[in-house]
Amino acid sequence: AQKVTQAQTEISVVEKEDVTLDCVYETRDTTYYLFWYKQPPSGELVFLIRRNSFDEQNEISGRYSWNFQKSTSSFNFTITASQVVDSAVYFCALSEGSGGSNYKLTFGKGTLLTVNP
Amino acid sequence: KAGVTQTPRYLIKTRGQQVTLSCSPISGHRSVSWYQQTPGQGLQFLFEYFSETQRNKGNFPGRFSGRQFSNSRSEMNVSTLELGDSALYLCASSLGVLAGSYEQYFGPGTRLTVT
């Protein structure tokens, strides 16, 4: 069974600090997808990144970067020079196929990030 | 391009009643998925529809059902409401079937309160 663990329930930082959100996943499939979503106070989840299990390249998008390590089953998310607008709940999610046909998205419990001015 | 829309945004119902929530996906998206979000259980997958067919289902009782129309709009229905059904219900659309393998675009949600 697939599982996503976000051990950090809440993180509080001061603006301009770097912050890393941890995500550890469990899966028996060799083909799977990992995602990060952001949920600001408005409630609407916003897609940030999708990564498949065969692509371990790290990715950088502006102030955001992601570190995917299959050896430790982790897919961590770093925000550089955090800003107040980054305050939100961040969810890591995993999708694996059961018998190669149905992909179900499993979310972690989320990490509430508060960036203080 | 308009995003995913959900109606109504807020709903208050009484235990035992039934409720229908509506979701209109992004134009061109044929897959619609539904999720329940509660403080205790977090985000949980309910079901996914593609081309009017349910393709995938989460671990929810039969009181939760859904359907998709030919224009890709989707509805979900909860019958015999229980207090524990109080939650934010999120709809998401994506381009392809097997939505879990694609990025999904979420609507603002319907906040259901059962009293």
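Residues numbered from 1 in each chain as written. Chains lettered and ligands numbered in written order. Predicted model: local features only at pLDDT ≥ 70, side-chain atom pairs only at ≥ 80, totals over all residues. Heavy atoms only, no water.

The next thing to look at is the sheet that holds strand β3 (residues 19–24) of chain B. Residues and elements named next belong to chain B. Reading across from one edge, β1-β3-β8-β7 is the order of the four strands in this open sheet, with antiparallel pairing throughout. With one partner strand each, in any of the chains shown, β1 (5–7) and β7 (64–68) form the two edges of the open sheet. For this sheet, the mean inter-axis angle between neighbouring strands, taken without regard to orientation, is 20°. The pairing of β7 with strand β8 (residues 74–78) spans five bridges and is classified as antiparallel. Bridge pairing links Phe-64 to Val-78 in β8. (Pairing = 2+ DSSP bridges. Helix = DSSP H or I, 4+ residues; strand = E, 2+ residues; numbered from the N terminus. Axes fitted to C-alpha atoms, helices over the stretch in contact; angles between N-to-C directions.)

Its place among the elements puts B:Ser22 in strand β3. Beyond its immediate sequence surroundings of up to four residues, B:Ser22 is in contact with B:Thr5, B:Gln6, B:Thr7, B:Trp34, B:Arg73, B:Ser74 and B:Glu75. (Contact = heavy atoms within 4.5 Å.)

With 22 residues of chain B in contact, the opposing surface of chain A contributes 18 residues. Each partner contributes to the roughly 1,700 Å² buried at the junction of chain B and chain A, and carbon and sulfur atoms together form 54% of this total. For the interface between chain B and chain A, the tally reads zero salt bridges. Applying the counting rule to chain B against chain A returns four residue pairs in polar contact (both at pLDDT 80 or more). Listing elements by their share of the side of chain B that touches chain A, those giving two or more residues are β4 (31–38), β5 (42–50), β6 (53–57) and β9 (87–94) of chain B. Broken down by element, the residue count for the side of chain B that touches chain A peaks at four residues, all from β5(B). Of the residues in the side of chain B that touches chain A, the class split is nine nonpolar, nine polar and four charged. (Buried area = accessible area lost by both parts, 1.4 Å probe. Salt bridge = Lys/Arg side-chain N within 4 Å of Asp/Glu carboxyl O. Polar contact = N/O pair within 3.5 Å; in protein donor to acceptor, adjacent residues only side chain to side chain. Nonpolar A, V, L, I, M, F, W, Y, C, P; charged D, E, K, R; others polar.)

Attention shifts here to the pattern of salt bridges. Should the charged atoms of two oppositely charged side chains come close, the side chains can pair. Scanning all chains against the criterion turns up seven salt bridges over all chains. Residue A:Asp86 is joined to A:Arg63 by a salt bridge in which the shortest nitrogen-to-oxygen separation is 2.8 Å. Of this pair, A:Asp86 sits in the loop between β9 (74–79) and β10 (88–98) while A:Arg63 sits in the loop between β7 (59–61) and β8 (64–69), and the two are 23 residues apart along the sequence. The class for A:Arg63 is partly exposed, based on a relative accessible area of 24%. A salt bridge links B:Glu75 to B:Arg73; the shortest N-O distance between them is 3.4 Å. In this structure B:Glu75 comes out as buried when scored by relative accessible area, which is 16%. Of the residues examined, B:Arg73 reaches a relative accessible area of 23% and is grouped as partly exposed. When salt bridges that share partners are traced, they join A:Arg51, A:Asp55 and A:Glu59 into one network. (Buried < 20%, exposed > 50% of the residue type's maximum accessible area, 1.4 Å probe, protein only.)

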